[in-house]
Amino acid sequence: MDRILDVAAYIVEKYPVLTGENWLDEMKLHKLLYFTQRESFAIVGRPAFEGTFEGWRYGPVSCDVRAHYIDGDINSDTNPISEEVKYIANNVILEYGSLDSWTLSNISHEEISWKNAREGLSAHQNGNRTLKTDDIREDAKKVRPYDHVWDMYYDEFETEV
């Protein structure tokens, strides 16, 4: 299984290619990683990578990634990731990459996994409780990963019938 740092390095590399933006800020990186993990549960029924998130004030955060994300790059030895995870990460970047970090933070605040990790904390506390895998799996149930594909082809399909 891929590691969270490997997937983070891939996202950092692919983000400018797929979005045309030059800079991926740390907050957005954490949210894109979280959504990659959630989408993996939705699409293939298992995690995309080994690694955890904590329920911080502005959404899910990987302490491992936080420790290694320096000056816009992952400062650690990394390995290539699987084609399956590349596919999922690419789609997450395409779907969420154009949104600003604060919008992604707000979206992540609707996740059961984040809410449960924040239980009992004030809005001003950072928190350090780990998001539970079962809660991320529950969040994945609301994802309908193929809707956007259908929308892209719907008009074409309608004109051919």
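Residues take numbers from 1 onward in each chain, read along the sequence in its written order. Reporting of local features is limited, given that this is a predicted model, to residues whose pLDDT is at least 70; pairs of side-chain atoms are given and counted only at 80 or more, and all residues count toward the totals for whole chains, interfaces and linings. Excluded from the side-chain calculations are hydrogens and water; all other atoms, namely the structure's heavy atoms, are used.

1. Regarding the confidence of the model for the chain
And then number 1: One number per residue, pLDDT, summarises how confident the predictor is, and it ranges from 0 to 100. Per-residue pLDDT for the chain averages 91, and the proportion of residues at 70 or more is 89%.
And then number 2: Predicted confidence for residues 148-161 stays below pLDDT 50, and this span has 3 contacts to residues more than four positions away or in other chains. Here a residue-residue contact requires only that any non-hydrogen atoms of the pair lie within 4.5 Å.

2. Focus on helix α4 (residues 83-96)
And then number 1: Numbering of helices and strands starts at the N terminus; helices are DSSP runs of H or I of at least 4 residues and strands are runs of E of at least 2. Each residue after the first adds 1.5 Å to the expected span of a helix. Here α4 spans 20 Å end to end across 14 residues, near enough to the 20 Å set by a 1.5 Å rise per residue.
And then number 2: The secondary structure elements touched by the buried residues of α4 are β1 (2-3), α1 (4-19), α2 (26-44) and α5 (101-108).

3. Topic: the nonpolar core
And then number 1: Residues grouped as a nonpolar core are buried Ala, Val, Leu, Ile, Met, Phe, Trp, Tyr and Cys residues, joined through side-chain atoms within 4.5 Å. Each residue gets one of three labels from its accessible area relative to the maximum for its type: buried under 20%, exposed over 50%, partly exposed in between, using a 1.4 Å probe on protein chains only. One finds I11, L24, L29, L32, L33, V65 and I74 to be the most contacted residues of the largest nonpolar core, which totals 34 residues.
And then number 2: Mapped by element, the contributors of at least two residues to this core are α1, α2, α4 and α7 (133-140).
And then number 3: With residues up to four places along the chain from it excluded, the contact list for I74 reads L5, A8, A9, V12, L29, V65, H68 and Y69.

4. Examining the packing of α1 against α2
And then number 1: Lines fitted to C-alpha atoms define the axes here, with helix axes fitted over just the stretch in contact, and angles between the N-to-C directions of these axes take values from 0 to 180 degrees. Across the interface, α1 lies against α2 with an axial gap of 10 Å and an inter-helix angle of 115 degrees. For the element pair α1 and α2, the recorded crossing hand is right-handed. Across the interface between the two elements, I4, V7, A8, I11, V12 and Y15 of α1 pack against K28, L29, L32, L33 and T36 of α2.
And then number 2: Throughout, the ten residues Ala, Val, Leu, Ile, Met, Phe, Trp, Tyr, Cys and Pro are labelled nonpolar, Asp, Glu, Lys and Arg are labelled charged, and all others, Gly among them, are labelled polar. The residue inventory of the contact of α1 with α2, partitioned by class, reads 9 nonpolar, 1 polar and 1 charged. Definitions for this section: a left-handed crossing has its near helix turned counterclockwise from the far helix by less than a right angle. A right-handed crossing has that turn clockwise.

5. Looking at the packing of α2 against α4
And then number 1: Two elements in contact, α2 and α4, have axes separated by 9 Å at closest approach and are oriented at 120 degrees. Taken as axis vectors, α2 and α4 run oblique relative to one another. Our pair here, α2 against α4, has a crossing hand that is right-handed. Here L32, F35, T36, R38, E39, S40, I43 and V44 of α2 come into contact with α4, specifically with E84, I88, A89, V92 and Y96.
And then number 2: For the contact of α2 with α4, the per-class residue count stands at 8 nonpolar, 2 polar and 3 charged. Every angle not falling under 35 degrees, over 145, or within 65 to 115 is termed oblique; those three ranges are roughly parallel, roughly antiparallel and roughly perpendicular.

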